[in-house]
Amino acid sequence: MDYKKNPFLMGLCAPAYLSAATVAITNDFLMAIMFMLFTLGILGAYVTEFPIFPTLYQNEILHKTAISSLLGMGLGMMIGLAIAGGAESEGTAPISTQGKFMLTWGVMSLPAYPLMVFLVSKVNKRDLEEEHRIREEKKKARKAKGGGPPIMDRRDGF
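This report concerns the structure included in the present document. These figures come from a predicted structure and were not determined experimentally. (Residues numbered from 1 in each chain as written. Predicted model: local features only at pLDDT ≥ 70, side-chain atom pairs only at ≥ 80, totals over all residues. Heavy atoms only, no water.)

## A short note on the overall build of the chain
A tally of helices and strands in the chain yields six helices and zero strands. Relative to its 158 residues, the chain shows a buried fraction of 26%. Intrachain contacts of the chain at a sequence separation of at least 6 include 79% that bridge at least 24 residues. Total accessible area computed for the chain in this model is approximately 10,900 Å², and 68% of it derives from carbon and sulfur atoms. (Helix = DSSP H or I, 4+ residues; strand = E, 2+ residues; numbered from the N terminus. Buried < 20%, exposed > 50% of the residue type's maximum accessible area, 1.4 Å probe, protein only. Contact = heavy atoms within 4.5 Å. Areas by Shrake-Rupley, 256 points an atom, 1.4 Å probe, with all protein chains shown as cover.)

Put into structure tokens, the structure is as follows:
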């Protein structure tokens, strides 16, 4: 098996991506929102078939990383609230900055890594080149048929 297609190695993309998310989340709320919007932008690029990387496989891995990272962020925040009890505690020993970083990263990576391994194993079973060829044929057929609203077929305007 090619090491680039090993799901357990490629699954590490999600925790690596979440390390950047952890920096954003632990620093500033606005940075966290911007990071989530950036991740949604990656998903939007995948949906509109805008290639970010040169190969189909790399774009699929980026898509799966974004999906598993968003799930990790969402579940991590819910798990964090459940652990904290939903309220601020008045403990005598505050957590250090490094501890806060590692705890945030660990809680988010815990659900993201297994999901990433699962999604990569599913991607490895697909024939991406054949799927792309079929998608391009359908796109050409839609354009040849004149898909779109009827007003767009006339070129003379209103």
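Back to the write-up after that little detour.
## A short note on helix H5 (residues 97-124)
With 28 residues, H5 should reach 40 Å at 1.5 Å per residue; the first-to-last C-alpha distance of 39 Å fits that figure. Remark: the principal bend of H5, roughly 35 degrees, maps to Ser-109, with a proline, Pro-111, within the next four residues. Of all the positions in H5, only Val-107, Met-108, Ser-109, Pro-111, Ala-112, Met-116, Val-117, Leu-119, Val-120 and Val-123 are classed as buried. (Expected span 1.5 Å × (residues − 1). Bend = angle between axes of the 7 residues up to and from the residue.)

## Things to note about the nonpolar core
By size, the foremost hydrophobic cluster in this structure holds 20 residues, and its most contacted members are Leu-18, Ala-21, Phe-35, Tyr-57, Ile-61, Met-73 and Val-120. Sorting the residues of this core by element identifies helix H2 (13-27), helix H3 (29-47), helix H4 (56-84) and H5 as the ones contributing at least two each. Not counting the four nearest positions on each side in its chain, Leu-18 is found in contact with Ser-69, Met-73, Trp-105, Met-108, Ser-109 and Ala-112. (Core = buried A, V, L, I, M, F, W, Y, C linked by side-chain atoms within 4.5 Å.)

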